[in-house]
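Here's the letter readout for the chains.
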Amino acid sequence: MAITPSCTLRPSKDWTHVPLVAREPRPEDAALVPLIRALRLAWERGDMPDAWLPFPQTHANIGYGPEARPLPIGALRLMWAARYPFVQACPACEHSAWMVSAGGHPTMGGLDLVCLACTTRWHQPIGGLYRVVEAINLRALDGSAFEAVGPQPLGSDGLALRKSLGLPHASG
Ligand SMILES: [Zn+2]
């Protein structure tokens, strides 16, 4: 069960009409593209890397599953499969942008997506942290082992994931 204290919820506002906002590019963004492609390819082939391996991230702060683990690829798989808002058309080049992190503060937060073609980083504003948790569960993770549960402080360098996919360590 996701922890969703009602006191942190604001009156319902339909964030689905809020357009993506371009973010400052980050050095790691380009390296996320081959990682996303390799992950999808592995799943398409029927390879199943450990679902709890964390996707690399430094700014996300939502935990998943009973132990509030940093973004596990098993959660990402469900989110990407659900498509919107986790996969969206890139407003810059019309290729697709894929969710790479989710997080926020008590009053604002949302999803970050990176375009597989132009590597632009986009932000989908949703609302305070618990609204982000709620939106993720509602649209992708409810009933799974990976339900979003609330804040957690850990990031991940993604090294274990890259290793399991046979990708070289990305320095940037
Ligand atoms: Zn693009």
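Preceding this paragraph is the structure being described.
This is a predicted model, so every value here is computed, not measured. (Residues numbered from 1 in each chain as written. Predicted model: local features only at pLDDT ≥ 70, side-chain atom pairs only at ≥ 80, totals over all residues.)

**Q** Give me the lowdown on the overall build of the chain, citing residues and values where you can.
**A** A tally of regular secondary structure across the chain gives four helices and eight strands. Listed by position from the N terminus, the elements making up the chain come as β-α-β-β-α-β-β-β-β-α-β-α. Against the compact-globule benchmark of 16 Å for 172 residues, the chain has a radius of gyration of 15 Å, which places it among compact chains. For the chain, the C-alpha atoms occupy an extent of roughly 45 × 35 × 25 Å along the three principal directions. Residue burial in the chain is summarised as follows: out of 172 residues, 35% are buried. (Helix = DSSP H or I, 4+ residues; strand = E, 2+ residues; numbered from the N terminus. Rg over C-alpha atoms; globule rule 2.2 N^0.38 Å. Buried ≥ 20, exposed ≤ 12 C-beta atoms within 10 Å, placed from the backbone.)

**Q** Tell me about the nonpolar core, and name the residues and values.
**A** Among the nonpolar cores identified, the biggest contains 40 residues, and Met99, Leu113, Val132 and Ile136 are the most heavily contacted of them. Elements with a contribution of two residues or more to this core: helix H1 (29-45), strand E2 (62-64), helix H2 (73-81), strand E5 (96-104), strand E6 (109-115), helix H3 (129-141) and strand E8 (148-151). No other element matches H3, which puts eight residues into this core. Beyond its immediate stretch of four places on either side in the chain, valine 132 contacts Ile62, Ala102, Gly104, Gly109, Gly110, Ile126 and Gly127. (Core = buried A, V, L, I, M, F, W, Y, C linked by C-beta atoms within 7 Å. Contact = placed C-beta atoms within 7 Å.)

**Q** Could you give an account of H2, with specific residues and numbers?
**A** Every buried residue of H2 is accounted for by Ile73, Gly74, Ala75, Leu76 and Met79. Arginine 83 lies just past H2 and shows a positive phi near 60°.

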